[in-house]
Amino acid sequence: MNEIKFIKIDSTNEYIKRQYKLLDNYTFVSAKSQSNGHGRFNRKWQSKPNKNLLFSLLIKDIKNVKSITDYPLIAGISVYQALVSLNIKDVKIKWPNDIYVSGKKIAGILVESSVSENNINYIIIGIGLNINERKFRGLNATSIRNELDKKVSIKKIKEILYNKLLYNIENPNYNEFLNIFRNNNYLINKTCYATIRNAKTKIKVLDILDDFKLKVENEFGEIESIISDEITFS
Ligand code: BT5
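Residues numbered from 1 in each chain as written. Predicted model: local features only at pLDDT ≥ 70, side-chain atom pairs only at ≥ 80, totals over all residues. Heavy atoms only, no water.

## Brief notes about helix α5 (residues 174–183)
Operational definition: Think of it in three bands: with a 1.4 Å probe and only protein chains considered, a residue is buried below 20% of the maximum accessible area for its type, exposed above 50%, and partly exposed in between. Working definition: helices are DSSP H or I runs of at least four residues, strands are E runs of at least two. Numbering for both runs from the N terminus. Think of the arc as the fan of directions from the helix axis to the C-beta atoms. Note on contacts: a residue pair is in contact if any heavy atoms of the two residues lie within 4.5 Å.
Every buried residue belonging to α5 is among Y174, F177, L178, I180 and F181, and all of these are buried. For α5, the arc enclosing every buried residue in end-on projection is 160 degrees, short of the 170-degree limit, so these residues lie on one face. Within α5, the exposed residues directed more than 90 degrees away from the buried face are N175 and N183. The elements touched by buried residues of α5 are α2 (71–85), β4 (91–94), α4 (154–170) and β9 (199–208).

Right, here's the structure in full:
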């Protein structure tokens, strides 16, 4: 693993955005704490120092993945597989980028990319995975420690997750990914509020389609398929 480790940094995603020109494909940047860890729309990612896994993986070269919009989903699948391999039960993927265990969020994924014509500057897969933190004030969250009821090695989980991510990126098995999504979809058959293309609306989630779009029924009874960039759940 080509890893750059920080004790403290503003954000591992932001570090890569500043430095990507000097970094190799698959550089892995981790931090024990972040002063400005964030999710989508600048929402804060909270993590007590030294307790959790905070990292970003830089991708500069797309080989077998079909579309850039697949990366959040592949990252979610990889976190799912890593948690299942640790024997954690009731792991669900909240499309497109959150992982829940028994109804509580255990990991968040932030994929950011910069692509110009015929050229990929960067794709950054940023992941925050709660490992040894126990109490999350004001958040509906859990951690591996809470789920397994024992302290776990962050280094070991980092290695498991890194290997899953790289394997899935290099050898994407779309049929397997779809099966995992369909069988472990946190939102399936739920009615929820979402903002789709800037309009807040009530939807029912029906399925994940073969091209990874989310199939929903909107409040007018119409069926829509949406990509991850177009939606946020509230
Ligand atoms: C995410 O955003 O869930 C993606 C978070 C990605 C964080 C990683 S850490 C390494 C890398 N560097 C960064 O700066 N970011 C990435 P979103 O779907 O927008 O959800 C954010 C929401 O999750 C917050 O508004 C809180 O409600 C909730 N949240 C914050 N910290 C949490 C935690 N530790 N566990 C569970 N939920 C949390």
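## Considerations on the sheet that holds strand β8 (residues 191–196)
Going by this rule: Paired strands are those between which DSSP finds at least two bridges. With axes taken as lines fitted to C-alpha atoms, and helix axes fitted only over the stretch in contact, angles between N-to-C directions fall between 0 and 180 degrees.
Across the sheet, which stays open at both edges, the 5 strands sit in the order β11-β10-β9-β8-β12 with antiparallel pairing between neighbours. With partners counted over all chains shown, the strands left at the sheet margins are β11 (223–226) and β12 (231–233), one partner each. Between one strand and the next, the sheet's axes are offset by a mean angle of 50 degrees, whatever the strand orientation. Where β9 lies against strand β10 (residues 214–217), 4 bridges are found, and the strand directions are antiparallel. Residue pairing in the sheet places D207 in a bridge with K215 of β10.

## Quick notes on helix α1 (residues 12–19)
Burial in α1 covers these residues: T12, N13, Y15 and I16. The arc that holds the buried residues of α1, viewed along the axis, is 160 degrees, so those residues lie on one side. Looking at the buried residues of α1, the elements they touch are β1 (3–9), β2 (28–34), β3 (53–59), β6 (104–116) and β7 (119–129).

## Some details on the site of the ligand
Using the following cut-off: Nearness here has a simple test: a residue counts as near a molecule or strand if at least one of its heavy atoms is within 4 Å of that partner. Polar contacts, as used here, are pairs of N or O atoms within 3.5 Å; protein pairs need one atom able to donate a hydrogen and one able to accept it. Residues neighboring in sequence count only if both atoms are side-chain atoms. Working definition of accessibility: Shrake-Rupley area with a 1.4 Å probe, residue cover restricted to the visible protein chains. Lys, Arg, Asp and Glu make up the charged group, whereas Ala, Val, Leu, Ile, Met, Phe, Trp, Tyr, Cys and Pro make up the nonpolar group; the residues left over, Gly among them, are polar.
The local shell around the ligand holds 27 residues, among which S11, H38, R43, Q46 and K105 are the closest. A distance of 2.8 Å is found between a nitrogen atom of the ligand and a backbone nitrogen or oxygen belonging to Q46. If the ligand stood free it would expose 800 Å²; the protein chains cover 91% of that surface. Going through the elements one at a time, α1, β3, β6 and β7 are the ones with two or more residues in the shell around the ligand. A total of 4 residues in the shell around the ligand trace back to one element, the largest contributor, which is β6. Its residues assigned to classes, the shell around the ligand shows 8 nonpolar, 14 polar and 5 charged.

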